[in-house]
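Chain by chain, the residues:
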Amino acid sequence: MGKTQATGRGGAGSEAAGPQAGTGTGTGALDLNQLRTFLAVYRSGSFTAAARLLGLSQPTVTAQIRSLERQLDRELFQRLPRGAAPAPFADELAARIVEPLDALAEVAGHGVDGSAEPVHLAGPAEFLSHCVLPGLAPLVEKGVRLRITTGLTDDLLDELRAGRHDLVVATTRPRGRNLTAVPLADEEFVLVTAGAWAQRTGGAEAIAGQGPAALRGVPLIAYAEDVPIVRRYWRHVFGKRLVCEPAVTMPDLRAVKAAVLGGAGFSVLPRYLCRDELASGDLVLLNDPEDPPINTGFLVQRPGSSDNPHVALVRDHLLASSQDCD
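The structure reproduced in this document is the subject of the present report. None of these values were measured; they are calculated from a predicted model. Each residue is numbered by its place in its chain's sequence as written, counting from 1. Local features in this predicted model are restricted to residues whose pLDDT is 70 or higher, and side-chain atom pairs enter the listing and the counts only when it is 80 or higher, whereas totals over whole chains, interfaces and linings include all residues. Remark: hydrogens and water are excluded; side-chain values derive from all non-hydrogen atoms of the structure.

Tallying secondary structure elements over the protein gives 13 helices and 11 strands in all. Burial classes: relative accessible area under 20% of the type maximum marks a residue as buried, over 50% as exposed, and values in between as partly exposed (1.4 Å probe, protein chains only). Put simply, the protein has 326 residues, and 48% of those count as buried. It only takes one pair of heavy atoms within 4.5 Å for two residues to be counted as in contact. Taking all contacts inside the protein whose residues are at least 6 apart in sequence as the whole, residues at least 24 apart take part in 70%. Areas reported here follow the Shrake-Rupley algorithm with a probe of radius 1.4 Å; residue values treat only the protein chains shown as occluding. Just so you have it, the protein exposes about 16,000 Å², and 48% of that area is on carbon and sulfur atoms. The way it works is that DSSP assigns letters per residue, a run of H or I at least four long becomes a helix, a run of E at least two long becomes a strand, and they are numbered from the N terminus.

Below, the structure is given as structure tokens:
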């Protein structure tokens, strides 16, 4: 938190000494009401929806956001025909203030509402299991209920548009403006096989000398028939087009890892998924490029406010704790 003493001014009812966001831009302490208003717009994706949630007029909400933007000397939202999209700095600010403001609201008697409906969260099974669900334990302990669906990103985004989910963790940023997406975490991909195949092929030394030709004759285990993860690795690391077809396909990277561990062949997997096996030697890293392929996961929702307050709690908790998936 910053330590400056000047105060900002918001709309009606603004307080003189709000929390200091420590953003490193602008001068003076940030007004508490302006920060609450900012968070309401950020969560709801709309100035109109935020005004309704806060019991303010839309002009008051607009004035408070503009005042905050002037003090920070940063744009916080891109005004759209329908709603408002957060600017990159808004993501950073929200991550810094969400927990203190939610904690303050809980102290004031506006904590987790046990009567709220479950939050419907969807995404890739592996990413949710390893990188998302463990971090939601504090909310579950407070009474937030979750209903989890797993699947492919394109299918889940279609279902999100149709209203079947509240939030989707997507492996790609959705196109168009009918969904809002913010970066959640990065995953690094690695080329791996079991020890027996590493010995037969010469392992990382052979790859370093011969490139991907060293894997000729080794079965490819992949997530899907079109092997998108492996093809991307080949292009990014080797600068070549993948020409071999998969021997085994399974739409679950945990199952792909199990097959590779069993000696079925080689694959490309997220590092977080096989970190322990690499450390134990059960899996062998076949290549360690200086610039490995990285994929960014996004947290996606429909613009506008949700009738369920727990949706915003889950969303903001995930964004506040987001980091590279280890």
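Okay, back to it.
Empty space among the atoms becomes apparent when a probe as large as a water molecule is rolled across them. Looking at the second largest pocket, its volume works out to about 680 Å³. If you list the elements that add at least two residues to the lining of the second largest pocket, you get α5 (125–132), α7 (153–161), β6 (180–194) and α10 (228–238). Residue polarity follows a fixed list, in which Ala, Val, Leu, Ile, Met, Phe, Trp, Tyr, Cys and Pro are nonpolar, Asp, Glu, Lys and Arg are charged, and the others, Gly among them, are polar. Of the residues contributing to the lining of the second largest pocket, the split by class is 13 nonpolar, five polar and nine charged. A 1.4 Å probe that fits but cannot get out identifies a cavity on a 1 Å grid over protein atoms alone, an open set with protein on both sides within 12 Å along at least five of seven lines counts as a pocket, and a residue lines either if it has an atom within 4 Å of a point. Grid points are joined across faces, edges and corners, and a volume is the space filled by probe spheres set on the points.

This part takes up the packing of aromatic side chains. Under the pairing criterion, centres of Phe, Tyr and Trp rings, with the six-membered ring standing for Trp, must be within 6.5 Å; the plane angle then separates stacked pairs below 30 degrees from edge-to-face pairs above 60, leaving the rest tilted. Applying the stated criterion across every chain, the model contains eight aromatic pairs. Consider the rings of Phe38 and Phe77, whose centres lie 5.6 Å apart with planes at 40 degrees: the pair is tilted. Residue Phe38 is located in helix α1 (residues 32–44), and its partner Phe77 is located in strand β1 (residues 77–79); the two are separated by 39 residues in the primary sequence. A single burial state applies to Phe38 and to Phe77, both of which are buried.

Right, let's talk about α10 for a bit. Residues of α10 that are buried include every one of Ile229, Val230, Tyr233, Trp234 and Phe238, and no others. The buried residues of α10 occupy an angular sector of 135 degrees when projected down its axis, which confines them to one face. Buried residues belonging to α10 abut β6, α9 (203–210), α11 (253–261) and β9 (266–270). Just downstream of α10 lies Gly239, where phi reads positive at about 65 degrees. The directions considered for the arc run from the helix axis to the C-beta atoms.

Here we take up the nonpolar core. Ranked by internal contacts, the top residues of the largest apolar core, which has 79 residues, are Phe38, Leu76, Phe77, Val132, Leu191, Trp234 and Val314. In this structure Leu191 touches Leu215, Tyr233, Trp234, Phe238, Phe266, Ser267, Val268, Val284, Leu285, Leu286 and Asn287, once residues within four positions along its chain are discounted. Side-chain atoms within 4.5 Å link the members of a nonpolar core, which is a set of buried Ala, Val, Leu, Ile, Met, Phe, Trp, Tyr and Cys residues.

All right, on to the pattern of salt bridges then. The salt bridge criterion pairs a side-chain nitrogen of Lys or Arg with a carboxyl oxygen of Asp or Glu, the two atoms within 4 Å. All chains considered together, the criterion is met by seven salt bridges. Arg161 is the salt-bridge partner of Asp158, the closest N and O atoms lying 3.0 Å from each other. Of this pair, Asp158 and Arg161 are both found in helix α7, three residues apart, which corresponds to roughly one turn of the helix. The closest approach of N and O atoms between Asp252 and Arg254, which form a salt bridge, is 2.9 Å. By relative accessible area, Arg254 is classed as partly exposed at 32%.

Considering the arrangement of structural elements, one finds Ser280 in helix α12 (residues 271–280). A distance of 3.1 Å separates a polar side-chain atom of Ser280 from the backbone oxygen of Glu277. Polar contact criterion, stated in full: a pair of N or O atoms within 3.5 Å, where within protein one must be able to donate a hydrogen and the other to accept it, and residues adjacent in sequence count only if both atoms are side-chain atoms.

With four of five residues buried, strand β3 (residues 119–123) lies mostly within the body of the structure. Between any two strands, pairing holds if DSSP finds at least two bridges. Two strands pair when backbone bridges link them, and β3 and strand β4 (residues 146–150) are joined in this way by five bridges, in the parallel orientation. Note on β4: the bridge partner recorded for Leu121 is Ile148.

Before going further, it helps to examine the side chain of Glu69. Among the structural elements, Glu69 can be located in helix α3 (residues 58–72). The contact partners of Glu69, leaving out residues within four places of it in the chain, are Arg74, Glu75, Leu76, Phe77 and Arg79.

This next bit is on the environment of Ser67. Along the chain, Ser67 turns up in helix α3. In this structure Ser67 comes out as buried when scored by relative accessible area, which is 15%. As a C-alpha pair, Ser67 and Asp31 span 36 residues in sequence and 9.7 Å in three-dimensional space.

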